[in-house]
Number of protein chains: 4
Amino acid sequence: MSYAKQMLQANSQALEVEPSSLSEAIDAIDDCVQACIADVDYDLAEPNVNEMVECIRLCLNCADICGTTARVLSRQSGSDADLTKSLLMTCESISNLCGGECERHAHHEHCRICAEACRRCEKACRELASALV
Amino acid sequence: MSYAKQMLQANSQALEVEPSSLSEAIDAIDDCVQACIADVDYDLAEPNVNEMVECIRLCLNCADICGTTARVLSRQSGSDADLTKSLLMTCESISNLCGGECERHAHHEHCRICAEACRRCEKACRELASALV
Amino acid sequence: MSYAKQMLQANSQALEVEPSSLSEAIDAIDDCVQACIADVDYDLAEPNVNEMVECIRLCLNCADICGTTARVLSRQSGSDADLTKSLLMTCESISNLCGGECERHAHHEHCRICAEACRRCEKACRELASALV
Amino acid sequence: MSYAKQMLQANSQALEVEPSSLSEAIDAIDDCVQACIADVDYDLAEPNVNEMVECIRLCLNCADICGTTARVLSRQSGSDADLTKSLLMTCESISNLCGGECERHAHHEHCRICAEACRRCEKACRELASALV
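Criteria and cut-off values
Residues numbered from 1 in each chain as written. Chains lettered and ligands numbered in written order. Predicted model: local features only at pLDDT ≥ 70, side-chain atom pairs only at ≥ 80, totals over all residues. Heavy atoms only, no water. Axes fitted to C-alpha atoms, helices over the stretch in contact; angles between N-to-C directions. Helix = DSSP H or I, 4+ residues; strand = E, 2+ residues; numbered from the N terminus. Parallel < 35°, antiparallel > 145°, perpendicular 65-115°, else oblique. Left-handed = near helix turned anticlockwise from the far one by under 90°. Contact = heavy atoms within 4.5 Å. Buried area = accessible area lost by both parts, 1.4 Å probe. Salt bridge = Lys/Arg side-chain N within 4 Å of Asp/Glu carboxyl O. Polar contact = N/O pair within 3.5 Å; in protein donor to acceptor, adjacent residues only side chain to side chain. Nonpolar A, V, L, I, M, F, W, Y, C, P; charged D, E, K, R; others polar.

A.B. asks: For this particular structure, what's the right way to read the packing of helix α1 (residues 3-10) of chain C against helix α2 (residues 19-45) of chain C?
C.D. replies: The axes of two packed helices give the description: the angle between them and the distance between them. All names here are of chain C. Relative to each other, α1 and α2 sit at 155 degrees, their axes nearing to 8 Å. For the element pair α1 / α2, the angle class is roughly antiparallel. The chirality of how α1 crosses α2 is right-handed. Residue-level inspection shows Ala-4, Lys-5 and Leu-8 of α1 in contact with α2, the latter providing Pro-19, Leu-22, Ser-23, Ile-26 and Asp-27.

Here it is as structure tokens:
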């Protein structure tokens, strides 16, 4: 069980969403950070690095936007629903762009794994944004 | 002259906006990160820290969102205008919320300074978003 | 299986350490980021927030240092062993300080969980630093 | 005058170092983040990107380590001198590595500018570390 989940179960405050939806989203988004940071490094090690440039740029943006989104979601107790939604939609958008580019390079196992992480993140952002009233 | 400005002047690529508009926005956003991180620390040192809780939470979110926005703006060469706009609007929104809360505590010099940084950041995000077609 | 582990298993490059030691360290350090960010938010929601100030400051530093350490460790292919060691020792040190402070507040379930995450991170950093020649 | 400097002048607490030394270091380190993030993007746009791989990796590590160092330095009121020194030495080390690599590519104006930012950051870290008792 992730610390995000343990933390949310320990929390006695009123939340706007189900704790399990929130902790699953935080986990999916944090996992996407990890995958994107590593994918950049493997992309840089490919002999045809000039074909990987767009993938690297999108992974860099995706890692930063996802990292910030996970942090803001973890500060739930005084959160602003409009701000959270706006950030989730931005995060969904970059995960979609990055996942699509990684799928184009899925013959590289590291890009295939990263695409999977991006798609899971994209779905988690979309579902959490819908769950917020 | 900031490194963001020097870098953009050295850049021979086609940009969607005036280099000076972009570098001024990056500088204003990065300055806001610095002010928010420091303001949290001064808030925590106030005797009435329980009155500063909302200010601390907003400054934490503002620092993270601004930090990511500055990074994404600095990766201009392969940027996606819709994504950039979406992020700028989120950044404008948190700077507005954070600036407003800091103004409520402007009798603390550190909050007055942070409010000024947030308002400058908010304005820079709004202007850059409008300049993007 | 974490993406860090999947990524490292997919990697054909020579590594200085066992892939499983490295991926376990990255996971423990990333988990610590998640716990510290959330703990700050719960600390801020406590009625006696003025007693939580040192815990908040240490958690903020711990989250940032751990987050950067996980990123640098994920960029393994061209890494510098001395730099990695230096960063791991700094990360071990802040996890130790933060874990100790969280233990003092372990009657709060969120601090007990965060202390556990910090101690696991501290151990992972120490062990990985020793494994690096 | 940077917000770091304004903030430190507004601060009534006892500091372990001269406020101006601290704010100058924070500014130099934050400027280095900005230069490294931008340099990665320009490196990726070079036709001979495969010759820039080591520069990109070092700039990514340098941006992350500097960014965290600036944040920790800005949380001065409850700081631990040993931790601060350890982080400053790690930051000096990566700025030195990154500055050296950027100098090798100084025929690219963006690398020349980034090398200058790294060398200024390296010097600021070394001087601040010596000033800490």
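Let us keep going from here.
A.B. asks: Got a minute to help me understand the interface of chain D and chain B in this structure?
C.D. replies: Size of an interface, as often reported, equals the accessible area lost when the parts are brought together. In this assembly, 35 residues from chain D lie in contact with 35 residues from chain B. Summed over both sides, the interface of chain D with chain B buries roughly 3,000 Å², with 57% coming from carbon and sulfur. Of all residues in chain D, Tyr3(D), Met7(D) and Gln34(D) give up the largest surface area on contact with chain B, accounting jointly for 29% of the area buried on that side. Here chain D is connected to chain B by 2 salt bridges. One salt bridge connects Asp64(D) with Arg71(B), and the closest N-O pair in it is separated by 2.7 Å. For the pair chain D and chain B, the number of links is 14 residue pairs in polar contact (both at pLDDT 80 or more). It is helix α2 (residues 19-45) of chain D that contributes the most residues to the side of chain D that touches chain B, 12 residues altogether. Classifying every residue of the side of chain D that touches chain B gives 15 nonpolar, 9 polar and 11 charged.

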